[in-house]
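What follows is each chain in one-letter form.
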Amino acid sequence: MDYEKRIERAVELFNSGFNCSQSVVAAFADMYGFTEEQALRMSASFGGGIGRMRETCGAACGMFLLAGLELGMTDPKDSAAKARNYQVVQELAAKFKEQNGSLKCADLLGQLKEKQITHLPEERTAAYYAKRPCPRMVECAARLWAEKMKELHAPVGL
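In this report, we go over the structure that sits alongside the text. A quick note: this is a predicted structure, and the numbers were derived from the prediction, not measured.

What counts and what doesn't
Residues numbered from 1 in each chain as written. Predicted model: local features only at pLDDT ≥ 70, side-chain atom pairs only at ≥ 80, totals over all residues. Heavy atoms only, no water. Helix = DSSP H or I, 4+ residues; strand = E, 2+ residues; numbered from the N terminus. Buried < 20%, exposed > 50% of the residue type's maximum accessible area, 1.4 Å probe, protein only. Phe/Tyr/Trp six-rings, centres within 6.5 Å; stacked < 30°, edge-to-face > 60°. Lys NZ or Arg CZ within 6 Å of the ring centre and 35° of its normal. Axes fitted to C-alpha atoms, helices over the stretch in contact; angles between N-to-C directions. Left-handed = near helix turned anticlockwise from the far one by under 90°. Contact = heavy atoms within 4.5 Å. Nonpolar A, V, L, I, M, F, W, Y, C, P; charged D, E, K, R; others polar. Disulfide = S-S within 2.5 Å. Core = buried A, V, L, I, M, F, W, Y, C linked by side-chain atoms within 4.5 Å. Salt bridge = Lys/Arg side-chain N within 4 Å of Asp/Glu carboxyl O.

What follows covers unusual backbone geometry. Positive phi values are uncommon outside glycine, yet Ile50 reaches one of about 70 degrees. You can see Ile50 is positioned in the loop between α3 (36–43) and α4 (58–71). Look at Ile50 and you get partly exposed, because its relative accessible area is 28%. Phi is positive for Arg52, which is not a glycine, with a value near 60 degrees. For Arg52, the location among the structural elements is in the loop between α3 and α4. What makes Arg52 buried here is its relative accessible area of 16%.

Spelled out as C-alpha cells, the structure:
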C-alpha cells in the first residue's frame, strides 16, 4: 500500500468510528507486523486526547507510537537509539504543532480544560464530524508519518 493510500485509510478508519489514534496506527500496522485488530487495541487508549481527557491529541499520539515502532530502542544501554527516537518525536511534534497550532486536544477542539471530562464517547453523527477538526488531525498525523517514513527509508547517496 502506498503512502497516499495509508493516509486515506487513516481518515477512512476515523470516519468509520475508530478514534484518532487508532486510525493513524492501524493505517500503518502491517508495516510493523501487526494486524489491524492488534493496532486498534494497542492505540485505543490514546483517543480523545488520551482516554478522552483532552490532553495530547490522539492522532499525534498515534504518530508517536509509530515512531516508537520504527525507531524505539530495545537495548536499555543504547542511548543513541533512545536519543534518535526522541529527536524524531520532537520533530514530528513541532511540525504537527506548526500546522495545527497545538498538540493539545482541548485546544484543537476549542474546549477549555474546565469543561466536564467524561469517559463516554460522543455519538458519531454528521454533526459530530462537521464540527470536529479530528479528521484533519488524523490526516495531518498520517501525512507527517508518511513523510518521515519516506525520509527514513530514502536510498542513501542519491
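Next comes the rest of the description.
Mapped onto the elements of the fold, Glu8 is located in helix α1 (residues 3–15). On a C-alpha basis, the gap between Glu8 and Leu120 in space is 27 Å, while along the polypeptide they are 112 residues apart.

What the rule picks out here adds up to zero aromatic pairs. Against the face of Phe14 rests Arg124, its NZ or CZ located 4.4 Å from the ring centre.

Contact pair helix α2 (residues 20–28) / α3: the axes reach a minimum separation of 8 Å and the direction vectors enclose 145 degrees. Along this stretch, α2 crosses α3, giving a crossing that reads as right-handed. Where α2 abuts α3, its residues Ser21, Gln22, Val25 and Ala26 lie against Glu36, Ala39, Leu40 and Ser43. Across the contact of α2 with α3, the residue classes break down as four nonpolar, three polar and one charged.

This next bit is on the state of the cysteines. This model, assessed by the stated rule, comprises zero disulfides. You can see Cys105 has no disulfide; the closest cysteine sulfur is in Cys134, sitting 6.2 Å from it. Summary of cysteine pairing: Cys140 is not part of a disulfide, and the nearest cysteine sulfur, belonging to Cys57, is at 8.5 Å.

Turning our eyes to something else, we now look at the nonpolar core. Phe28, Ala59, Met63, Leu92, Phe96, Val138 and Trp145 are the most contacted members of the largest nonpolar core, which totals 43 residues. Secondary-structure elements contributing two or more residues to this core are α1, α2, α3, α4, α5 (79–100), α6 (105–109) and α8 (134–152). With ten residues, the single largest contributor to this core is α8. In contact with Val138, other than residues within four places in its own chain, are Ala10, Val11, Phe14, Cys20, Ser23, Val24 and Ala59.

A separate point is the pattern of salt bridges. Evaluation of the coordinates by the stated rule reveals eleven salt bridges. Here Glu139 and Arg143 are joined by a salt bridge, their closest N and O atoms 3.3 Å apart. Placement of both Glu139 and Arg143 in helix α8 is noted, with a separation of four residues, approximately one turn of the helix. On the accessibility criterion, Glu139 (33% relative accessible area) is partly exposed. A relative accessible area of 27% places Arg143 in the partly exposed class. Look at the salt bridges and you will find they share partners, linking Arg52, Arg54, Glu122 and Arg132 into a network.

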